[in-house]
Amino acid sequence: MLKNKSKSISNDTEKRSIPLKNRKKISPIKRYYKYFIWRLLSLKEKPEAIARGFAIGVFTGSFPFFGLQMIGALLLAIILRANKVTAMMGTWISNPFTYVPIFLFNYKIGSFILEKIFKIQTNYLDEFNSESWQNLADSGAEITITLLLGSVCVGLTLSIIAYYFVLTIIKNQNKTLHKTSLKKKDKC
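Given the structure is predicted, the values throughout are model-derived calculations rather than measurements.

On a plain count of helices and strands, the protein chain comes out with eight helices and zero strands. Secondary structure elements of the protein chain, listed N to C terminal, follow the sequence α-α-α-α-α-α-α-α. Within the protein chain, the fraction of its 188 residues that count as buried is 29%. Pairs at least 24 apart in sequence give 72% of the contacts found in the protein chain among residues at least 6 apart. Total accessible area computed for the protein chain in this model is approximately 13900 Å², and 65% of it derives from carbon and sulfur atoms.

This paragraph deals with the pattern of salt bridges. On inspection of all chains with the given rule, the structure shows one salt bridge. One salt bridge in this structure joins Lys171 and Glu48, with 3.7 Å as the shortest N-O distance. Residue Lys171 is found in helix H8 (residues 140-187), and its partner Glu48 is found in helix H3 (residues 47-61); the two are separated by 123 residues along the sequence.

In terms of nonpolar packing, the biggest core is built from 14 residues, with Phe36, Leu40, Ile50, Phe54, Val166 and Ile170 touching the most fellow members. Of all the elements in the fold, those that place two or more residues in this core are helix H2 (28-41), H3 and H8. At five residues, H8 tops the list of elements feeding residues into this core. For Val166, the residues in contact, after removing those within four places along its chain, are Phe36, Leu40, Ile50, Ala51 and Phe54.

Conventions used here
- Residues numbered from 1 in each chain as written.
- Predicted model: local features only at pLDDT ≥ 70, side-chain atom pairs only at ≥ 80, totals over all residues.
- Heavy atoms only, no water.
- Helix = DSSP H or I, 4+ residues; strand = E, 2+ residues; numbered from the N terminus.
- Buried < 20%, exposed > 50% of the residue type's maximum accessible area, 1.4 Å probe, protein only.
- Contact = heavy atoms within 4.5 Å.
- Areas by Shrake-Rupley, 256 points an atom, 1.4 Å probe, with all protein chains shown as cover.
- Salt bridge = Lys/Arg side-chain N within 4 Å of Asp/Glu carboxyl O.
- Core = buried A, V, L, I, M, F, W, Y, C linked by side-chain atoms within 4.5 Å.

Structure, rendered in C-alpha cells:
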C-alpha cells in the first residue's frame with residue numbers, strides 16, 4: 001500500500017511540471033515589470049514613501065548631470081524622507097540608451113517655454129553647423145539654461161506621473177495579496 005501512494009505522488013508531480021519547451025515565453029518587458037513589482041513589494045516601508053522615492057529618482061534622472069543623478073536622488077530622498085532604494089531605481093530612466101532622446105526632448109520643451117511664455121527667441125542650435133563651432137561656444141549658457149528649464153518641467157511632470165503610478169501599483173498588489181491570504185486562511 002505504501003508503494004502505491006508513492007507512485008501516485010510521483011505521478012502528480014510529473015503532471016505538474018511543465019517541460020521547458022512547452023512553457024509559455026514571457027516577453028522581457030513583462031519579466032522586467034514583474035521583477036520591478038516584486039522589488040517594490042519586498043520593501044518594508046509605507047507605499048507613499050516608496051512612491052515618493054521613485055518620483056524623486058525620476059525627477060533627478062531628468063537632469064543632464066551625468067554621474068550626479070544618483071547622489072542628488074539620495075540627498076533628496078533623505079531630506080524628503082523617501083525610500084532611498086526606489087530613488088536610486090527611478091534614476092534609471094536616463095541611461096546611455098535614453099540620454100539623447102530625453103535631453104533633446106527637454107531642450108525642445110525648454111525652448112518652447114522660453115519662446116511662448118517668456119517671448120525669448122531660442123534658435124541657438126538652428127544656426128549651428130559643422131563650420132561654426134564658435135556659435136555653439138558663444139551660446140553655451142543659453143543652451144544650458146534652456147535645457148535645465150526643460151529638464152525641470154519634464155522632471156516635475158514625469159515625477160508626478162511616476163508617484164501616482166507606483167502608488168497605485170503597490171496598493172493594488174497589496175489588496176490582491178491580502179485577498180489571497182484571506183482565501184488561504186479560510187481553506188485552513
